[in-house]
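What follows is the residue order along each chain.
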Amino acid sequence: MSESTVTLDVNEGVALVTLNSPPVNALNRAMRRRIVAIFDEISERDDIRCAVLTGHGKVFCAGADLKDRPNADIAGDFLEHNRITRETGNAIKECAKPVIAAVNGAALGAGLGLMAACDIMYASDNATFGMPEINVGLAGGASMLRTLVGRSTLRRMFFTGQRLSAHDLLRRNVLEEVLPPDQLLPAALALAHEIASKAPLAVLYAKRAANMVDLMPQRDAYRFEQDFTMALAKTEDAREARMAFLEKRQPQFKGR
């Protein structure tokens, strides 16, 4: 059952991951485990070089399934629930391949967290974004919001549950592009195919570097990147990329 609620389709180096639990793609533990398994699979598959995450229907993800809350009377249930909740986002953020979000509608609570874990974010012009946990007597998600918006906006969304529109986030430089619903997925897939056309090892190193430099001072981060550049310069793909550029042809990468 969980396999049908999150689907994986692969075409020409691009994985399309679709949340498919109508009507609002709310996340329960089975779906979270499926998401973790899919992105771990994407990390290890040589035939996948980039991924797109989207939702089926008119909602990207309305957040956590309130029918699947942990039971405080069962020892360890809250801890197990919290662990798989954390690892859902971590599996996307730590995926070895770049992940593009194609947010096709509301992204609320845990749904906004899924988007925040992605590398590049596109949205449809009818998408909305919020952390409504405060409205059901809970508080969570500030650590995800802080990767997207500034201090004041974070607190306004966190304390009130207010939603922002796709154009609000575009103005704040959170989203890469806002598109009509019928253009969203084609645009995200086009970018994914462009990334998939690059040297595979370079993309792997680029993803690792992008994640690590978020955590490091600029001086240390640049040294970290230089080590990657030096290692990549010795690969067959780097030599092929240079020769293809000089010979004005498409490169033929081998992933080594």
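Residues numbered from 1 in each chain as written. Predicted model: local features only at pLDDT ≥ 70, side-chain atom pairs only at ≥ 80, totals over all residues. Heavy atoms only, no water.

Under an unreviewed UniProt entry, the name given to the protein chain is 2,3-dehydroadipyl-CoA hydratase, and the organism recorded is Achromobacter kerstersii.

Strands in a sheet are paired, the pairing made by backbone hydrogen bonds, and the direction either parallel or antiparallel. Taken in spatial order, the four strands of this open sheet run 4-6-8-9, and their pairing is mixed. What marks the edges here is a single partner per strand, and that holds for strand 4 (59-61) and strand 9 (164-165). Relative to strand 9, strand 8 (residues 128-130) runs antiparallel, the two being bridged by two bridges. By the bridge assignment for strand 9, F129 is matched with L164. (Pairing = 2+ DSSP bridges. Helix = DSSP H or I, 4+ residues; strand = E, 2+ residues; numbered from the N terminus.)

The next subject is the side chain of D168. Mapped onto the elements, D168 comes out in helix 7 (residues 166-171). For D168, the side chain forms a polar contact with the main-chain nitrogen of S165, separated by 2.9 Å. (Polar contact = N/O pair within 3.5 Å; in protein donor to acceptor, adjacent residues only side chain to side chain.)

With the rule as written, the count across this model stands at eight salt bridges. Ionic pairing is found between D47 and R45, a salt bridge with its closest N-O pair at 2.7 Å. The exposure class of D47 is partly exposed, given its relative accessible area of 39%. Judged by relative accessible area, R45 falls into the partly exposed class, the value being 26%. When salt bridges that share partners are traced, they join R29, R33, D68, D77 and E80 into one network. (Salt bridge = Lys/Arg side-chain N within 4 Å of Asp/Glu carboxyl O. Buried < 20%, exposed > 50% of the residue type's maximum accessible area, 1.4 Å probe, protein only.)

Let us now look at the pairing of strand 1 (residues 6-11). Each regular strand carries side chains that alternate between the two faces of the sheet. Strand direction decides the pairing type here: strand 1 and strand 2 (residues 14-19), joined by six bridges, are antiparallel. Across the sheet, D9 pairs through a bridge with L16, a residue of strand 2. Joining the antiparallel neighbours strand 1 and strand 2 is a turn of two residues, in which E12 adopts a positive phi near 50°.

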